[in-house]
Amino acid sequence: MTDSIMSKAATMEIPINSNGDTGTLPEDDSLEQAAKLQWSLDEKDLQQVMVSGPNLNETSIVSGGYGGTAEGIIATSSIKDLRMKARRSSVPSSSSSICHITSQSHDHKGSNMHHSSSSSSMTAEETTRGVAVEKLETMRKWGLNTYKCTKQMISERFGRGSRTVDLELEAQIEVLRDTKRKYESVLRLARALTNHFYNMVQTQHALGDTFADLSQKSPELRDEFGYNAETQKLLCKNGETLLGAINFFVSSINTLVNKTMEDTLMTIKMYENARLEFDAYRSDLEELSMGPRDAVTMARIDAAQQQYQVHKEKYERLRSDVTIKLKFLEENKVKVMHKQLLLFHNAISAYFAGNQQQLEQTLKQFNIKLRPPGADKPSWLEEQ
């Protein structure tokens, strides 16, 4: 390295002219000064290399050709500084661009999320709005229908409005209601008889036990107490058989009154409501038909005609249902009551006649099974 530096200095010190001879040129003084300056710098660099090793940051690059001046010497440290500045200037720009792209991506994702959330919220709002509108429409129809029916009912009460009447059907409905009231009275009395007779049977059972106990403790009246004890036990047994027949009678009457007749009466109630609605819309249509015939009124008449037709069909359908149910109810009532009245008569007659065999035969005839003593109480499984 020292040889190269020395050769470089020697080359820079010797000027060459166009003929190849050495000579003095106008730039000799400047070249000599530059060579001396370079030689002193090279000596310092050589000493530094010998002491602490080469320092590449202080290496100089000579630009230009022979006869160059000191202005052509560029230090690599300055180039390295320029490169570091360029890197520093380029890094923020790249980082800023990356940040810009990231922010754009975040903005794009945020916009997509905002768009999806807004669309879902709009869908939920539309659904809620649709349900609210449907409820309001239902309430409006219900209020209008209630108003028309109340108006029609008040008009009928005060004798101002007309009502549709089916005389034959109305008579059958009135007979059914009267029959139901009478059957309810029979049911109430039969239950009272059952309770009283049950208490009597329990009393007879207790009396028979007392007679049997006294027959054991009174030797002089043993036979008399024994006869009475046997009689009370027999009466108690026949009474329990009669109670089974009466309970079956009460159960059948209860089913007929509170289920079969009640179901028919519920259909009759629906029929009467349909009749009231039909008359309300019929009166509304008649009032509109008597008014002026402009475009608005004609539209209202058409709507009223449609409602009238709908309620007319409903009224006729329910009237047909009531007629059919009344017919079947009458047939069922006759069949059930014929059987139950025959059972009640035979059982009561056989009991008070003391005919135990006829009483038991009556129960077998109607397929009545007596419950064993203590069967009225629910089992421990049913109590759980």
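These lines cover the structure that appears in this document, whether it is placed above or below. From a predicted model like this one, the values you see are computed outputs, not experimental measurements.

Within the chain, the regular secondary structure consists of eight helices and two strands. Put simply, the chain runs from its N terminus to its C terminus through helices and strands in the order α-α-β-β-α-α-α-α-α-α. A burial count over the chain gives 24% of its 384 residues as buried. If you take every contact in the chain between residues at least 6 apart in sequence, the share linking residues at least 24 apart comes to 73%.

With that settled, consider the side chain of lysine 180. Looking at the secondary structure, you find lysine 180 in helix α4 (residues 167–217). Note on lysine 180: relative accessible area 11%, which makes it buried. Sequence-distant contacts of lysine 180, that is, excluding residues within four places in its chain, are made with Val257, Met261, Glu262 and Leu265.

Its place among the elements puts tyrosine 281 in helix α5 (residues 222–289). With relative accessibility at 7%, the residue tyrosine 281 sits in the buried group. A sequence separation of 132 residues divides tyrosine 281 from cysteine 149, and the C-alpha atoms of the two residues are 8.4 Å apart. Dropping the residues within four chain positions of it, tyrosine 281 is found in contact with Asn145, Lys148, Gln307, Tyr308 and His311.

The next subject is the pattern of salt bridges. Considering all chains together, one arrives at 17 salt bridges under this definition. With a closest N to O distance of 2.5 Å, lysine 180 and glutamate 184 form a salt bridge. Of this pair, lysine 180 and glutamate 184 both sit in helix α4, four residues apart, roughly one helical turn. Residue glutamate 184 is classed as partly exposed on the basis of its relative accessible area of 30%. Here arginine 275 and aspartate 279 are joined by a salt bridge, their closest N and O atoms 2.6 Å apart. Taken as a pair, arginine 275 and aspartate 279 lie in helix α5 at a separation of four residues, close to a single helical turn. The class for arginine 275 is buried, based on a relative accessible area of 9%.

The terminal C-alpha atoms of α5 lie 97 Å apart, and with 68 residues this matches the ideal 100 Å at 1.5 Å per residue to within 8%. When the local axis directions of α5 are compared, the greatest deviation, roughly 35°, occurs at glutamate 262.

Okay, the nonpolar core next. With 43 residues, the main nonpolar core has Ile173, Leu176, Ile268, Tyr271, Val322 and Leu326 as its most contacted residues. Of all the secondary-structure elements, those providing two or more residues to this core are α4, α5, α6 (295–353) and α7 (356–365). The greatest single-element share of this core, amounting to 18 residues, is contributed by α5. Non-local contacts of isoleucine 173, meaning those with residues more than four positions away in its chain, are made with Ile268, Tyr271, Val322 and Leu326.

Moving on, we come to the packing of aromatic side chains. With the rule as written, the count across this model stands at seven aromatic pairs. Taking the centre distance of 5.2 Å and the plane angle of 5° together, the rings of phenylalanine 278 and tyrosine 315 count as stacked. One end of the pair, phenylalanine 278, is in helix α5; the other, tyrosine 315, is in helix α6, and 37 residues separate them in sequence. For the pair formed by phenylalanine 278 and tyrosine 315, the shared burial category is buried. Against the face of phenylalanine 158 rests arginine 160, its NZ or CZ located 5.9 Å from the ring centre.

Turning next to the packing of α4 against α6. Across the interface, α4 lies against α6 with an axial gap of 12 Å and an inter-helix angle of 25°. Here α4 is positioned roughly parallel relative to α6, judged by the angle of their axes. When the axes of α4 and α6 are compared, the crossing they make is left-handed. Counting all contacts with α4, which are made through Leu169, Gln172, Ile173, Leu176, Thr179, Tyr183, Leu193, Phe197, Met200 and Gln204, the residues of α6 involved are Arg319, Val322, Thr323, Leu326, Leu329, Lys333, Met337, Phe344 and Tyr351.

Looking now at unusual backbone geometry. If a residue is not glycine, its phi is most likely negative; likewise, a peptide bond is most likely trans. Unlike most non-glycine residues, asparagine 367 shows phi in positive territory, near 55°. On the secondary structure map, asparagine 367 appears in the loop between α7 and α8 (380–383). A relative accessible area of 68% means that asparagine 367 is categorised as exposed.

The next subject is the side chain of aspartate 279. In this structure aspartate 279 comes out as buried when scored by relative accessible area, which is 0%. A polar contact is formed between the side chain of aspartate 279 and the side chain of arginine 282, at a distance of 3.3 Å. Residues within four places of aspartate 279 in sequence aside, it is in contact with Gln152, Glu156, Ser162, Arg163 and Thr164.

A few words on α7. Every buried residue of α7 is accounted for by Leu359, Thr362 and Leu363. The buried residues of α7 all sit within an arc of 95° when viewed along its axis, so they share a single face. Seen from the buried face of α7, the exposed residues on the opposite side, beyond 90 degrees, are Gln357 and Lys364. Against α5 and α6 lie the buried residues of α7.

Thresholds applied
- Residues numbered from 1 in each chain as written.
- Predicted model: local features only at pLDDT ≥ 70, side-chain atom pairs only at ≥ 80, totals over all residues.
- Heavy atoms only, no water.
- Helix = DSSP H or I, 4+ residues; strand = E, 2+ residues; numbered from the N terminus.
- Buried < 20%, exposed > 50% of the residue type's maximum accessible area, 1.4 Å probe, protein only.
- Contact = heavy atoms within 4.5 Å.
- Salt bridge = Lys/Arg side-chain N within 4 Å of Asp/Glu carboxyl O.
- Expected span 1.5 Å × (residues − 1).
- Bend = angle between axes of the 7 residues up to and from the residue.
- Core = buried A, V, L, I, M, F, W, Y, C linked by side-chain atoms within 4.5 Å.
- Phe/Tyr/Trp six-rings, centres within 6.5 Å; stacked < 30°, edge-to-face > 60°.
- Lys NZ or Arg CZ within 6 Å of the ring centre and 35° of its normal.
- Axes fitted to C-alpha atoms, helices over the stretch in contact; angles between N-to-C directions.
- Parallel < 35°, antiparallel > 145°, perpendicular 65-115°, else oblique.
- Left-handed = near helix turned anticlockwise from the far one by under 90°.
- Polar contact = N/O pair within 3.5 Å; in protein donor to acceptor, adjacent residues only side chain to side chain.
- Arc of directions from axis to C-beta.

Scope: geometric values only; no functional claims are made or implied.
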